[in-house]
Amino acid sequence: MATTTIVQTEVPNYDEWRRGFDGNEQKRANAGIFIQGVYRDVDNRNKVTVISKAESVEAAKNFFQSSAWSAAMEKSGKTAHVMILETT
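First things first, this report covers the structure right here in the doc.

Parameters and conventions
- Residues numbered from 1 in each chain as written.
- Predicted model: local features only at pLDDT ≥ 70, side-chain atom pairs only at ≥ 80, totals over all residues.
- Heavy atoms only, no water.
- Helix = DSSP H or I, 4+ residues; strand = E, 2+ residues; numbered from the N terminus.
- Rg over C-alpha atoms; globule rule 2.2 N^0.38 Å.
- Buried < 20%, exposed > 50% of the residue type's maximum accessible area, 1.4 Å probe, protein only.
- Contact = heavy atoms within 4.5 Å.
- Areas by Shrake-Rupley, 256 points an atom, 1.4 Å probe, with all protein chains shown as cover.
- Polar contact = N/O pair within 3.5 Å; in protein donor to acceptor, adjacent residues only side chain to side chain.

As for the overall build of the chain
Then step 1. In terms of helices and strands, the chain carries 4 helices and 4 strands.
Then step 2. When its helices and strands are written in sequence order, the chain yields β-α-α-β-β-α-α-β.
Then step 3. The C-alpha atoms of the chain give a radius of gyration of 13 Å, which matches the 12 Å a tight globule of 88 residues would have.
Then step 4. Expressed along its principal axes, the backbone C-alpha trace of the chain runs to roughly 35 × 25 × 20 Å.
Then step 5. Scored against the burial criterion, the 88 residues of the chain give a buried share of 30%.
Then step 6. In the chain, once contacts between residues fewer than 6 apart in sequence are set aside, the share between residues at least 24 apart is 65%.
Then step 7. Total accessible area on the chain is roughly 5900 Å²; 47% of this is exposed by carbon and sulfur atoms.

Here's what the structure looks like:
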């Protein structure tokens, strides 16, 4: 089964967030997370949704429970809603 993740968050400054996000592409790839799209809310351009594919449910859980993910969330001062989904 394919594994998809959807992450929704509101960032303080999209452009600053995006630079940091793009700079972590290799870390995500090493963890088995591959971005499919980054979307911005039409009414609040700092609300972001990221959709990605993961190599497995385990890879997704490991990534989103990692200390690196926790540190990134702490640094941004925000929390994110993370969904890990499997196709049926």
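From this point, the narrative continues.
Thoughts on the side chain of Thr49
Then step 1. With respect to the secondary-structure elements, Thr49 resides in strand 3 (residues 47–54).
Then step 2. When its relative accessible area of 18% is taken as the criterion, Thr49 is described as buried.
Then step 3. Here the side chain of Thr49 touches Gln8 through a polar contact of 3.4 Å, side chain to side chain.
Then step 4. If near-sequence neighbours (up to four positions away) are discounted, Thr49 is found in contact with Ile6, Val7, Gln8, Gly37, Val38 and Tyr39.

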